[in-house]
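Here's the letter readout for the chains.
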Amino acid sequence: MNTLRRLTVLGGLCAALLSGCSDKPADATASGFASIDITGADYATGFQLTDHNGQQRTLADFKGKVVVVFFGYTQCPDVCPTSLGELAEAKRLLGADGDKLQGLFVSVDPARDTPEVMKQYMASFDPSFLALYTTADGLPELAKRFRVYYKKVDGQTATSYTMDHSAGSYVYDTQGRVRLYTRYGSGAPALAGDVKKLLAE
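Cut-off values and rules
- Residues numbered from 1 in each chain as written.
- Predicted model: local features only at pLDDT ≥ 70, side-chain atom pairs only at ≥ 80, totals over all residues.
- Heavy atoms only, no water.
- Buried < 20%, exposed > 50% of the residue type's maximum accessible area, 1.4 Å probe, protein only.
- Helix = DSSP H or I, 4+ residues; strand = E, 2+ residues; numbered from the N terminus.
- Pairing = 2+ DSSP bridges.
- Salt bridge = Lys/Arg side-chain N within 4 Å of Asp/Glu carboxyl O.

K.L.:
Give me the lowdown on the pairing of strand β10 (residues 178-182), citing residues and values where you can.
P.N.:
When you tally the buried positions in β10, you get five out of five residues, the bulk of the element. With two bridges connecting them, strand β1 (residues 36-37) and β10 associate as antiparallel partners. Bridge pairing in β10 places D37 opposite L180. Relative to β10, strand β9 (residues 169-172) is paired through four bridges, and the arrangement is antiparallel. Bridging from a neighbouring strand, Y170 pairs with Y181 of β10. The turn joining β9 and β10, which pair antiparallel and follow one another in sequence, is formed by five residues; a positive phi near 80 degrees is taken by G176.

K.L.:
Talk me through the pattern of salt bridges; I want residue IDs and the actual numbers.
P.N.:
Tallied over the full model, the rule gives eight salt bridges. Close ionic contact of D51 with R57 constitutes a salt bridge, the shortest N to O distance being 2.9 Å. On the accessibility criterion, D51 (0% relative accessible area) is buried. Put simply, R179 and D173 hold a salt bridge, and the shortest N to O gap is 3.1 Å. Judged by relative accessible area, which is 11%, R179 ranks as buried. On the accessibility criterion, D173 (2% relative accessible area) is buried. What you see here is one network of salt bridges that share partners, running through D173, R177, R179 and E201.

Right under this line is the structure:
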């Protein structure tokens, strides 16, 4: 009986881990979105961070726009530039509605991602995109509230380290409510389609 009970508990834990970032069932995309529908989630609900221009920002600043939030770092060799490139392409695909899409990049590497570095980095993708940051002390709590994973991986020198991190993006509707979670590599057309649906609501 004890063995059966242990197996039942383990099965429940595995199911919880496999559910990932979504509180919805596996057929969540039946809502018509290409991304995972997490409407009503009690995480990733907001922030108060500084942008690369030194201005304090919250989701309320972008009311009327669909906001996409991605966590990463400027020296990322592949995932970050790919994701930001797709976000810029999604904005282009939206045409006249492109101005209603706001890209936000949150640094998980505050030691190297200075405001000047982040400003230059964002300009290479789209001048309207903003990089946001918190202190090294504030980052763990922020990551916890957004269910974001990050870990420093030492390099050959003290400054040549890399950062392992979550690769998905959160999408917020025009009222600042978290609605979708987009997996890495979903593609610009899928994201643009989801943004159109949110703008039409």
